[in-house]
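So you can see what is in the structure, the chains are spelled out below.
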Amino acid sequence: MDTAGLDILNQAGFWAMVALTVAGASIAIFPRNILYNVLGLALCMTAIAAIYVFLGSLFIALMQFLIYVGAICIAIVFAIMLSRPLHLEMPPRPASKVAMATAAAVLFFVAIVGVVLKTDWTPSAARVADSSLWSVEAIGRALLTRYELVFEVISLVLLVAIIGAVITAGLSRRLSS
Amino acid sequence: MNSLSTYLIISALLFSMGLMGILQRRNLIGMLISVELLLNAANLNFMAFNRFLAPDPVIGQIIALFVMGLAAAEAAIGLSIILALYRKMHSINIERAQRLKG
């Protein structure tokens, strides 16, 4: 296949992933059934992982897939499934609130798109076009040298979050029974 | 390939959809899902700037990783708070969680 054909295929793949992202996001916010929302979120996250591949980082794409689809979506599904009444019906949303939320979101979108299109984006002068900087090796080296403190603090935050989640969910059971 | 503006507009669209979700939903789990959409839009921005503008392409990827780690912590805490709140109120409609209202 010649390069023009490959390029068209590439573009088609990219726009298909964008369409999947937007479709997943709409499924994640519009249906009333909470389980559809979670499945839409999983679809959206998978498509965003594919967009990261188009942006040149296979590692971040894999991490996105692993953490969001594999951990967060599954955790939300378990929270819904394990406590059966969590998907009980909500009262219908008042139309005025939906209209105000839509207006706020549209206003935000228009403002951001205006800023994006008006700004003249110029690459940093110190930018190096070295493809080896995109490798996992470079990320690992930066994580354990320049960003090591942040790395350790993140692990501490995760530990505190685990303990806090166990205490919050476990203690309230003891109090209410 | 595609220009920077394409990615920025996609991420702005994702962010406004998340914003709309968080403003109109009354279900706490639905709001948590919308927060995840917001975090992903920010992450997509980091990766796009990283790909097209940043001096050192490692930094944007590391920030994206950190955001993912914090999102995982936030989801764990959020879900446990939702479960605790449900046991107390027998509902996850946030308009009924008004005990702190003065």
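Basis of the calculations
- Residues numbered from 1 in each chain as written.
- Chains lettered and ligands numbered in written order.
- Predicted model: local features only at pLDDT ≥ 70, side-chain atom pairs only at ≥ 80, totals over all residues.
- pLDDT = per-residue confidence, 0-100.
- Helix = DSSP H or I, 4+ residues; strand = E, 2+ residues; numbered from the N terminus.
- Contact = placed C-beta atoms within 7 Å.
- Nonpolar A, V, L, I, M, F, W, Y, C, P; charged D, E, K, R; others polar.
- Expected span 1.5 Å × (residues − 1).
- Buried ≥ 20, exposed ≤ 12 C-beta atoms within 10 Å, placed from the backbone.

**Some thoughts on the confidence of the model for chain B**
Residues and elements named next belong to chain B. Overall, the predicted model of chain B reaches an average pLDDT of 86, with 97% of residues at or above 70. Mean pLDDT across the elements of chain B ranges from a minimum in helix H3 (residues 57-89), with 88, to a maximum in helix H1 (residues 4-24), with 92. Across the interface, the model reports ipTM at 0.89; the global pTM reads 0.87.

**Thoughts on the interface of chain A and chain B**
Where interface size is given, it is often the accessible area lost as the parts come together that is meant. Across the contact, 72 residues belong to chain A and 62 residues belong to chain B. Secondary structure elements with two or more residues in the side of chain A that touches chain B: helix H1 (3-29), helix H2 (34-54), helix H3 (58-82), helix H4 (95-118), helix H5 (136-144) and helix H6 (148-176) of chain A. With 13 residues, H6(A) is the single largest residue contributor to the side of chain A that touches chain B. Grouping the amino acids of the side of chain A that touches chain B by side-chain chemistry returns 55 nonpolar, 13 polar and four charged.

**Comments concerning helix H2 (residues 28-52) of chain B**
Given 3.6 residues to a turn, an α-helix orients residues that are three or four positions apart in the same direction. The terminal C-alpha atoms of H2(B) lie 37 Å apart, and with 25 residues this matches the ideal 36 Å at 1.5 Å per residue to within 8%. With 19 of its 25 residues buried, H2(B) lies for the most part within the structure.

**Side note on the confidence of the model for chain A**
Averaged over all residues, the pLDDT of chain A equals 86, while 88% of them reach at least 70. Between the elements of chain A, mean pLDDT differs from a low of 85, seen in H6(A), to a high of 92, seen in H2(A).

**Brief notes about H2(A)**
Residue and element names in this part refer to chain A. With 21 residues, H2 ought to run about 30 Å at 1.5 Å a step, and its terminal C-alpha atoms sit 31 Å apart, in line with that. What H2 keeps buried is the set Ile34, Asn37, Val38, Gly40, Leu41, Ala42, Cys44, Met45, Ile48, Ala49, Ile51 and Tyr52. With its phi angle positive at about 100 degrees, Gly56 sits one or two positions after the end of H2.

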